[in-house]
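Residue-level structure breakdown
Spelled out, the chains give:
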Amino acid sequence: MTRTTITARHSASYSGLVLLTAAAAWAWVALRWGDMGSRTMAGQLPAFIGTWTIMMAAMMLPATAPVASLYARTAPVHRAPRMIAFTAGYVLVWAAAGLPAYALAVGATHVATAHPTAGTVAAATVFAVNGVYQLTALKDFCLTKCRSPIGLLLRYASYRGPSRHLRAGAHHGAFCLGCCWSLMLLLTAFGVMNLWAMVGLAALITAEKRLPRGRLVARVVGLTSLALAIAVFWVPLLAPALTGSGMTEMGLRHP
């Protein structure tokens, strides 16, 4: 058995641990899909943050597994703890993003309930914001860092202290958040707890980060989102959570 074969197997095992975590998160979401809404009603911020964190782990970790594995292999020993801490720091960033996500979801619920027409305008705004951001230089910059993280890994080698691996994961998570926040914004239109929207967005995020033509995917998604910003005025069902036709999917209705 060659050294290359051993390294490849170790790389696969480290990636496998992250993917296994993502699979467990997906299983939890699928099993709890029916009652996630009742568990995360407005006013129950801790429940929302907990559910949101698991959702983000399910959606984001598959695309991040190769980076976590590569980070683990930058050290000759204690690789598994490095990868676990790195992944934890990454997920913590997305957990923190649950705070503005909660505020947006609650606001969107009130708008769609009290003012259906305003809900359609809000949906168009959400699609337009995502469409524009997908085509910006900042999106491309963050996506580049996610697709080619070697420079970041070299920077993380200078980190010191017991929290260095957690910091490295959080730093990479910040770039990932910068890359994907506008895509997550679409959940306010499709439904924050909408399982099929989660699956679709997770597939798009993975394609952006891992496919050779990932940047082209990002641009196509941006142009499509701009088209949806116009189409939603004629087809409100494109944004069921904001146009009043899918409020149960928001998971934020008052009892």
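Look up a bit, the structure's there.
Let me begin by describing the structure that accompanies this report. (Residues numbered from 1 in each chain as written. Predicted model: local features only at pLDDT ≥ 70, side-chain atom pairs only at ≥ 80, totals over all residues. Heavy atoms only, no water.)

This paragraph deals with the overall build of the protein. Secondary structure summary: the protein contains 12 helices and zero strands in total. Along the chain direction, N to C, the helices and strands of the protein fall in the order α-α-α-α-α-α-α-α-α-α-α-α. The buried share among the 255 residues of the protein stands at 48%. Approximately 11800 Å² of the protein is accessible, and the part contributed by carbon and sulfur atoms is 71%. (Helix = DSSP H or I, 4+ residues; strand = E, 2+ residues; numbered from the N terminus. Buried < 20%, exposed > 50% of the residue type's maximum accessible area, 1.4 Å probe, protein only. Areas by Shrake-Rupley, 256 points an atom, 1.4 Å probe, with all protein chains shown as cover.)

On to the packing of aromatic side chains, then. One pass over the structure, following the stated rule, counts nine aromatic pairs. With centroids separated by 6.3 Å and ring planes inclined at 70°, the aromatic side chains of Tyr71 and Tyr156 adopt a geometry described as edge-to-face. Of this pair, Tyr71 sits in helix α2 (residues 45-72) while Tyr156 sits in helix α7 (residues 150-156), and the two are 85 residues apart along the sequence. Note on Tyr156: relative accessible area 3%, which makes it buried. For the pair Tyr156 and Tyr159, a centre-to-centre distance of 5.4 Å together with 50° between the ring planes defines the contact as tilted. Note on accessibility: Tyr156 and Tyr159 belong to one class, buried. A network of ring pairs unites the aromatic residues Tyr71, Phe86, Tyr156 and Tyr159 as a single cluster. Positioned above the aromatic ring of Tyr71, the side-chain terminus of Arg82 is 4.5 Å from the ring centre. (Phe/Tyr/Trp six-rings, centres within 6.5 Å; stacked < 30°, edge-to-face > 60°. Lys NZ or Arg CZ within 6 Å of the ring centre and 35° of its normal.)

Further remarks concern helix α3 (residues 79-96). For α3, spanning 18 residues, the distance from its first C-alpha to its last is 26 Å, which sits close to the expected 26 Å at 1.5 Å a residue. Among the residues of α3, Arg82, Met83, Phe86, Thr87, Gly89, Tyr90, Val91, Val93, Trp94 and Ala95 are the ones counted as buried. (Expected span 1.5 Å × (residues − 1).)

Moving on, we come to the environment of Met55. By secondary structure assignment, the location of Met55 is in helix α2. C-alpha of Met55 to C-alpha of Leu195: the two residues are 140 residues apart in sequence and 9.4 Å apart in space. If near-sequence neighbours (up to four positions away) are discounted, Met55 is found in contact with Val29, Leu187, Val192, Met193 and Met198. (Contact = heavy atoms within 4.5 Å.)

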